[in-house]
Amino acid sequence: MAAIDLESVRLAHRRIAPYVLHTPLLRRRAGDAELLLKPESLQPTGAFKLRGAFNRMLSLPEGCPGVVAHSSGNHAQAVARAAAVLRLPAVVVMPEDAPALKLSRTRADGAEVIEVAPDSDERERVAAGIAAERGYFLVEPFDDPFVAAGQGTATLELVEDACEGFERFYCPVSGGGLMAGSAVVLAALRPEAELVGVEPDTGNDTALSLAAGERRKVPPPRTLADGLRVRTPGRITFPVVQKHVSRIELVGDEEMLDAMAWALRELRLVLEPSGAAPLAVALREGRGRCAVLLSGGNVEPELLAEAVRRG
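Residues numbered from 1 in each chain as written. Predicted model: local features only at pLDDT ≥ 70, side-chain atom pairs only at ≥ 80, totals over all residues. Heavy atoms only, no water.

1. Considering the packing of aromatic side chains
For the coordinates displayed, the defined rule picks out 1 aromatic pair. Seen in terms of ring centroids, Y19 and F54 are 4.6 Å apart; in terms of plane orientation they differ by 20°. Their pairing is stacked. Of this pair, Y19 sits in the loop between helix 1 (6-16) and strand 1 (26-30) while F54 is found in helix 2 (residues 49-57), placing the two residues 35 residues apart along the sequence. The exposure class of Y19 is partly exposed, given its relative accessible area of 31%. (Phe/Tyr/Trp six-rings, centres within 6.5 Å; stacked < 30°, edge-to-face > 60°. Helix = DSSP H or I, 4+ residues; strand = E, 2+ residues; numbered from the N terminus. Buried < 20%, exposed > 50% of the residue type's maximum accessible area, 1.4 Å probe, protein only.)

Right, dumping it as C-alpha cells:
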C-alpha cells in the first residue's frame, strides 16, 4: 500500500497541477489573532475534494472501465468533474437528503447519481456493490493514500506561501483524508505548529477515537455540516491523525453560521458550514498567528441567506 508522506504529497501536487487551482493565501486580523486563510472554496467544484479525486483518478489501473464513489456532496462533485475531464464513466452514490446544489452539479458533469438513505454506511455498501458488479474502481472519499496525498496538497501550498510560519493550524476532520495529508506536510515542514482538528459537536467520532486509542463510531450526526457527517475515522487515515494531531475541538451549528457570516463580511467569501468549522474555532480562540483551511463553499441558498442576515 502506498504511504501517506511528504513525498507522496509532493508527487500528487505535480500530478494534479494542470487540473486544480493553486488557491491564494488571505491574511486578516481578528482580535489578537493573525489569520492565514486558504480558501479552497475557490476550486472549480467549490471544495478541496477535487485534489484527491484527480490524484486518485490519474493513478488508476490500466484499462479501468469506470469509477464509482460515495459521498454527501463535495467528493461526488469532484469525482464527477474528474471523470468528465478524463472521459471516464462515473457512478456516484449520494444520500437522498444531500444538498440539492451538490446533487444537481454532480449530475451536470455527467455522473450517474444513485440516491440512498442518509446513513453513510448505506452509501458505502451500495457503492461497493456497484464496484463489484460493474468492475468499476471505487474512489474512496478519504480512506485511500492517493486521495489523502491529494488533499494534503492544499496544505503544502499553504506552508510554502506562508513563508513566515504560524503557531497553529485549524482543519476540518471527518474521515481524516484532508487531515492525514495535511498532518504529514506539517510534521515535516512546520513541526512547531499545533495541529487542531475541528468536527461537529454531534459528529465527534475522531475526538472519541483519539480518547479511546482506537476507532470509534457515532450515530448519524445531525449537523448543518453535511461534509462532516462521517460516523467513524478511516482505517488508513486514523493512525496518521492519531500520530500527529495535537487536539480536536468541537463546534456547533450556530458557531458555523456565525463564521460563515464573518467570511462574507470580512473576506467576501461564501463558505458552507463544513468549510466554516475551522474558522469558527480560530475565531473562538482568537490568538497568535493561525493557518486556517477553508475547505469548501457549496452552500444551500437558505443557509447562505441566514449567514447574510447574521452578517
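Once you've had a look at it, read on.
2. Looking at the sheet that holds strand 10 (residues 287-294)
The 6 strands lie next to each other as 1-2-10-7-8-9, forming an open sheet whose pairing is mixed. Of all strands in the sheet, those with a lone pairing partner are strand 1 and strand 9 (247-251), marking the two edges. Each adjacent strand pair in this sheet contributes to an overall mean axis angle of 25°, direction not counted. Across the sheet, helix 7 (residues 177-189) lies against strand 7 (168-172), strand 8 (194-200) and strand 10, angled at about 160° from strand 7, the strand it touches most. (Pairing = 2+ DSSP bridges. Axes fitted to C-alpha atoms, helices over the stretch in contact; angles between N-to-C directions. Contact = heavy atoms within 4.5 Å.)

3. What about the environment of A277?
Within the fold, A277 resides in helix 11 (residues 273-285). For the pair formed by A277 and V299, sequence separation is 22 residues and the distance between their alpha carbons is 13 Å. With residues up to four places along the chain from it excluded, the contact list for A277 reads V198, L228, V251 and M256.

4. Structural notes on the packing of helix 1 against helix 6 (residues 145-161)
Orientation of helix 1 relative to helix 6, taken along the N-to-C sense of each, is 85°, at an axis distance of 8 Å. Considering the angle they form, helix 1 stands roughly perpendicular to helix 6. Contacts from L6, S8, V9, R10, A12, H13, R15 and I16 of helix 1 reach helix 6 at F146, A149, G150, G152, T153, L156, E157 and E160. Counted by class, the contact of helix 1 with helix 6 contains 7 nonpolar, 5 polar and 4 charged residues. (Parallel < 35°, antiparallel > 145°, perpendicular 65-115°, else oblique. Nonpolar A, V, L, I, M, F, W, Y, C, P; charged D, E, K, R; others polar.)

5. Considering helix 2
Burial of helix 2 is extensive: 9 of the 9 residues sit out of reach of the surface. Of all the residues in helix 2, the buried ones are K49, L50, R51, G52, A53, F54, N55, R56 and M57.

6. Focus: helix 10 (residues 253-267)
Its 15 residues place the ends of helix 10 20 Å apart at the C-alpha level, agreeing with the 21 Å of an ideal helix rising 1.5 Å per residue. Lining the buried residues of helix 10 we find strand 1, strand 2 (32-39), strand 9, helix 11, strand 10 and helix 12 (301-310). Where helix 10 ends, the next residue or the one after it, R268, has phi of about 55°, a positive value. (Expected span 1.5 Å × (residues − 1).)

7. What about the sheet that holds strand 5 (residues 112-116)?
Pairing is parallel in the open sheet, where 4 strands are placed in the order 5-4-3-6. If you trace the sheet from one side to the other, it starts and ends with strand 5 and strand 6 (137-138), each paired once. Two strands pair when backbone bridges link them, and strand 4 (residues 90-95) and strand 5 are joined in this way by 5 bridges, in the parallel orientation. Each bridged residue has a counterpart across the sheet, and for M94 the counterpart in strand 5 is E115. Lying on the sheet, helix 3 (residues 74-86) is in contact with strand 3 (67-70) and strand 4; it crosses strand 3 at an angle near 165°. Of the strands in this sheet, strand 3, strand 4, strand 5 and strand 6 touch helix 5 (residues 120-134), which is tilted by about 160° from strand 4.

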